[in-house]
Amino acid sequence: LRLRQWDEVLEVGKTLIGRFGPGITWDSANMYGAGIALENTGNLIRELGIQDTSEVINKPGWVIVDPPPGIPIDKFEPGLWRGLTKTIRYAQTRTQMRESIDQGLQVLGPGINAPLCSAHDFHKLGRMVAQTPDLFLGDRLLSSDVNTLMYEQLLPALADKRSEGAIKGVGLGMMDWRLMREIILRSGVIDYVMLANEFTILRHDSELLDFIEWLRENGIGLIAAAPYNAAWIFGATEKIDGFTDPN
C-alpha cells in the first residue's frame, strides 16, 4: 500500500483473494503513513467486499496528530509516503494509548473487524527516545524509564480495552523474542505475539524454537510475520539485520 496507484493496490488485493481465499487477516499500524495504511486497508477490504470474512490486526502505540511547527511532517519515515496530512507521536500515557487504539479503529472505517491489537515495537523504545526525542514531545518528555511506560501505562491501556470489549486480544508486535518473553512473564496480559523477522526461512535456531514451544505450552498465540525477512530474500532491500549477501 506504499507509493502505489489505487488500481495496483486493488489488483494486489484480488490476487491475494484468488490465492488464499477471502478469509485474510491483514496487519497494519497507526504509524504507517500516520494512518494512511489503515485507511487504505479499510477501503480495500470494503471495495473487495470481504468485510465478513477478513480481519485486521492493528499495532497501536503511535498517536496520529497534526504536525507541530518546525518538525517535518515525514520526520519518522522521510520520503516514504505521499499525501501526508498528519504526523505521529508515541503514546506516553494510558490515556494516549487508549486514544491510539481508538484512532486505529476509527481510521479503518465502518464495517471492518479488528479484534486484535499488538503493542508496537517495544524493542525500539529506548533507541527512539535517545535518537529522535522530538517524536515523544507532548505535555512532557518521555520518562527515561521505558519499563514504567510499558508496564504502567501502555499495556494496562490495552488490557482495559480488552476488558471493555473493544478488542478481543492483546499482543506484542516486535522483533526481539527475548524481550517478548520478559514482557509476557512480567505483564501477565499477553494473548499472542507477532514475531517479525525472527522465525523465518533464514532464522530458526534452537533457542528460538525453544521459545516457540514455550509459547505453545503457555497458551500464547504466535504469528510469524515477515517470514521472508521483510522481502530481503527477494532483493527488495539491500540488507536486513546483518544479512548483506542475497546469495
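Residue indices follow the written sequence of each chain, beginning from 1 at its first position. Selection of residues for local features in this predicted model requires a pLDDT of at least 70, selection of side-chain atom pairs for listing and counting requires 80 or more, and totals for whole chains, interfaces and linings are taken over all residues. The side-chain figures draw on all heavy atoms in the structure; neither hydrogens nor water molecules are used.

### Points about the packing of aromatic side chains
For any pair of aromatic rings, geometry is given as the distance between the ring centres together with the angle between the planes. Convention followed: In this scheme Phe, Tyr and Trp rings, the latter by its six-membered ring, pair at centre separations within 6.5 Å, and the angle between planes marks the pair as stacked below 30 degrees, edge-to-face above 60, and tilted otherwise. A helix here means a DSSP run of H or I that spans at least four residues, while a strand means a run of E at least two residues long, and both kinds are numbered starting from the N terminus. Buried means the residue's accessible area, taken with a 1.4 Å probe over protein chains only, is under 20% of the maximum for its type, while exposed means over 50%, and partly exposed covers the values in between. Our definition puts a charge over a ring when NZ of Lys or CZ of Arg is within 6 Å of the ring centre and also within 35 degrees of the ring normal.
Enumeration over the complete set of coordinates arrives at three aromatic pairs. Pairing tryptophan 62 with tyrosine 90 gives two aromatic rings, centres 4.8 Å apart and planes at 80°, and the pair type is edge-to-face. Here the residue tryptophan 62 occupies a position in strand 3 (residues 62-65), and tyrosine 90 occupies one in strand 4 (residues 87-90), the gap between them amounting to 28 residues. Summarising the burial analysis for this pair, tryptophan 62 and tyrosine 90 share the class buried. By the ring-pair criterion, three or more aromatic residues cluster together here, those being Trp177, Phe211 and Trp214. The ring centre of tryptophan 214 lies 5.9 Å from the NZ or CZ of arginine 181, which sits over that ring.

### Thoughts on the sheet that holds strand 6 (residues 169-174)
The condition that has to hold: A pair of strands is labelled paired if DSSP reports no fewer than 2 bridges between them. Axis definition: a line fitted to C-alpha atoms, limited for helices to the stretch in contact. Angles are taken between N-to-C directions and run from 0 to 180 degrees. Pairs of residues are marked as contacts when any of their non-hydrogen atoms sit within 4.5 Å.
Reading across from one edge, 1-2-5-6-7-8 is the order of the six strands in this open sheet, with parallel pairing throughout. Of all the strands in the sheet, the pair left with one neighbour each is strand 1 (25-29) and strand 8 (221-225). Going from strand to strand, the sheet's axes swing by 25° on average, the running direction of each strand aside. Judged from the five bridges that link them, strand 1 and strand 2 (residues 55-59) form a sheet pairing that is parallel. Directly across from tryptophan 26, in strand 2, lies its bridge partner valine 56. Helix 2 (residues 36-48) contacts strand 1 and strand 2 of the sheet and is inclined by roughly 155° relative to strand 1.

### Details of the pairing of strand 7 (residues 192-196)
What counts, and what does not: Orienting the strands away from the viewer, one traces the path from the first strand over the helix to the second; a clockwise path indicates a right-handed crossover.
Within strand 7, five of the five residues are buried, which leaves it mostly tucked inside the rest of the structure. Side chains Tyr192, Met194 and Ala196 of strand 7 all project onto a buried face; the interleaved residues Val193 and Leu195 project onto the opposite face, where all are buried too. Bridge analysis of strand 6 against strand 7 gives four bridges, and the strand direction is parallel. By the bridge assignment, leucine 172 is partnered in strand 7 with valine 193. Handedness of the crossover joining strand 6 and strand 7 through helix 6 (residues 177-187) is recorded here as right-handed. Pairing analysis gives five bridges linking strand 7 to strand 8, with the strands arranged parallel. Bridge pairing links tyrosine 192 to glycine 221 in strand 8. In this view, the connection linking strand 7 to its parallel neighbour strand 8 by way of helix 7 (residues 206-217) has right-handed handedness.

### Overview of unusual backbone geometry
Residues other than glycine predominantly adopt negative phi, and peptide bonds predominantly adopt the trans conformation. With phi around 60°, asparagine 197 is a residue other than glycine that occupies positive phi space. Relative to the elements of secondary structure, asparagine 197 occurs in the loop between strand 7 and helix 7. With a phi angle near 55°, alanine 226 is a residue other than glycine that sits in the positive phi range. Mapped onto the fold, alanine 226 is located in the segment after strand 8.

### Considering a nonpolar patch on the surface
Put simply, the test is: Patches were defined on residues exceeding 30% relative accessible area and lacking a salt bridge, with like-charge contacts within 9 Å and nonpolar side-chain contacts (Val, Leu, Ile, Met, Phe, Trp, Tyr) within 5 Å. Shrake-Rupley sampling with a 1.4 Å probe provides the accessible areas, and residues are treated as covered by the protein chains on show and by no other component. Salt-bridge detection follows one rule: a side-chain nitrogen of Lys or Arg within 4 Å of a carboxyl oxygen of Asp or Glu.
A grouping of Ile201, Leu202 and Tyr228 is seen on the molecular surface, where their side chains present a nonpolar patch of about 280 Å² in accessible area. Structurally, isoleucine 201 can be placed in the loop between strand 7 and helix 7.

Just geometry here; none of it tells us what the structure is for.
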